[in-house]
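Chain and residue survey
Listed below, chain by chain, are the residues.
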Amino acid sequence: MKDRIRKLQKLIKTENLDALLINELPQIRYLCGYSGSNALLIVLASDAYFLTDFRYKTQVVREVRGVRKILAERDLLSTLADTKKLTRKNLKVGYLDDYLTTRNLTMLKYQITTAIWVPTRGLVESLMVVKDKSEIENITAAAAISDTGFDRILQIIKPGVRENEVAAELEYQMKMLGSEKPAFDTIVASGHRSAMPHGIASKKKVRKGDFVTLDFGAIVNGYASDITRTIVVGKATARQKRIYNLVKRAQRAGIRKARGGLAAAALDKHVRDIIKRGGYGKNFGHGLGHGLGLLVHDFPRLSPLSDETLAAGNVVTIEPGIYIEGWGGVRIEDDVVITKTGCHVLTKADKSLIEL
């Protein structure tokens, strides 16, 4: 944790700041290990202060490393104003423009009148984008839970079961396997609903002949997995096989192409062009994937609009899809670790067209 704080302190100096106030919980967890739900972190050029309240006293002792710890007796922003190192005149303090509310910024300016408050973006994120060994181990463990959860859930998917029943059982199985909680709202979308990329599980009953798309993830030590598999209940039609195999071919091509130094937009184009040539370019309307870590949707973003370049240590999803309104859809998604020469696939669940 101290190494992460030191790297951030170098960035703070580079940005001509004296300090950075962090109120976004995943960033705080990344920097000092805290997994609770109320905290502030102020990082100065040669020091760092972590603030929370009495409810987390024991948790702080167990988790928080590399910073000075303050248990607030009142609200955190007011306690922050008592920190002597912040009262120096004309101290340039950065804040997270994407996460600090206007109301809280107004309070800070009122309570710490001597500081110059500077909006910042992407400082901590630039550190989080490349994962270290321990982070990759956590994501790998979460991926293994997802894989096993998928294998187990196949036993209950049959005509008449409701999507939300499948989702509940899948989340239960992952919890029993060691997941802290679902990484996000589990998607179980069957039949015509499988054409909805984010078709959160509904009360709809699965029917014979349906595609069923399952998009789900586990959490281990705060780190997420994110996997999608699409299956058929019953015997697949020729059209279902054709579309499924096209998505599968495109997804595999993306995995073969991915490597450090490749533009994220170029990887997206490589996969998207395969689907276009197959005649379904207009039916693939989202980006190819996204970074993964403490945030389910992290950087880099794999899309036609991305200006990012993949780097060794990135963990990203590769998830092309084809969605045909009123009929159904297919998405296949894996989590991969980018290396200098390729990528390593973390999610191992079967990608053949499963017919239940």
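The rules behind each value
Residues numbered from 1 in each chain as written. Predicted model: local features only at pLDDT ≥ 70, side-chain atom pairs only at ≥ 80, totals over all residues. Heavy atoms only, no water. Helix = DSSP H or I, 4+ residues; strand = E, 2+ residues; numbered from the N terminus. Rg over C-alpha atoms; globule rule 2.2 N^0.38 Å. Contact = heavy atoms within 4.5 Å. Areas by Shrake-Rupley, 256 points an atom, 1.4 Å probe, with all protein chains shown as cover. Lys, Arg positive; Asp, Glu negative; His and termini not counted. Charge placed at Lys NZ, Arg CZ, Asp CG, Glu CD. Expected span 1.5 Å × (residues − 1). Buried < 20%, exposed > 50% of the residue type's maximum accessible area, 1.4 Å probe, protein only. Pairing = 2+ DSSP bridges. Axes fitted to C-alpha atoms, helices over the stretch in contact; angles between N-to-C directions. Phe/Tyr/Trp six-rings, centres within 6.5 Å; stacked < 30°, edge-to-face > 60°. Lys NZ or Arg CZ within 6 Å of the ring centre and 35° of its normal.

For the chain, the count of helices and strands is 10 helices and 18 strands. Taking 356 residues into account, the globule formula puts the C-alpha radius of gyration at 21 Å, and the chain, at 23 Å, falls close to it. With the principal axes as the frame, the chain shows a C-alpha extent of 70 × 40 × 35 Å. Restricting the contact set of the chain to residue pairs at least 6 apart, pairs at least 24 apart contribute 65%. As displayed, the chain has an accessible area near 16,300 Å², and 51% of this comes from carbon and sulfur atoms. When the 56 basic and 39 acidic side-chain charges of the chain are each reduced to a single mean position, those positions are 2 Å apart.

Our focus in this paragraph is helix 9 (residues 238–257). Between its terminal C-alpha atoms helix 9 stretches 29 Å, which fits the 28 Å expected from 20 residues at 1.5 Å a residue. Among the residues of helix 9, those classed as buried are Gln240, Ile243, Tyr244, Leu246, Val247, Lys248, Ala250, Gln251, Ala253, Gly254 and Ile255.

Looking now at the sheet that holds strand 8 (residues 211–216). Strand order in the open sheet formed by three strands is 7-8-11, and the pairing between neighbours is antiparallel. With one partner strand each, in any of the chains shown, strand 7 (187–190) and strand 11 (227–232) form the two edges of the open sheet. Within this sheet the neighbouring strands show an average axis-to-axis angle of 10 degrees, counted without direction. Sheet topology note: the strand 8/strand 11 ladder contains six bridges and is antiparallel. What sits directly across from Leu214, in strand 11, is Arg229.

Scanning the entire structure with this criterion turns up three aromatic pairs. A ring pair is formed by Tyr34 and Tyr56, whose centres lie 5.7 Å apart and whose planes are at 80 degrees; its orientation type is edge-to-face. Taken together, the positions of Tyr34 in the loop between helix 2 (25–32) and strand 2 (40–44) and Tyr56 in the loop between strand 3 (48–53) and helix 3 (57–63) put the pair 22 residues apart, joining distant regions of the chain. As far as burial versus exposure is concerned, Tyr34 and Tyr56 are alike and both buried. Aromatic side chains Phe211 and Trp327 sit 5.7 Å apart centroid to centroid with 90 degrees between the ring planes, which places their arrangement in the edge-to-face category. Placement of the pair is Phe211 in strand 8 and Trp327 in the loop between strand 15 (321–324) and strand 16 (328–331), with a sequence separation of 116 residues. Through a chain of ring-to-ring contacts, the aromatic side chains of Tyr34, Phe50 and Tyr56 assemble into a single cluster. Positioned above the aromatic ring of Trp327, the side-chain terminus of Arg239 is 4.3 Å from the ring centre. In this structure, Arg301 is placed above the aromatic ring of Phe299, and the distance from its NZ or CZ to the ring centre is 4.7 Å.

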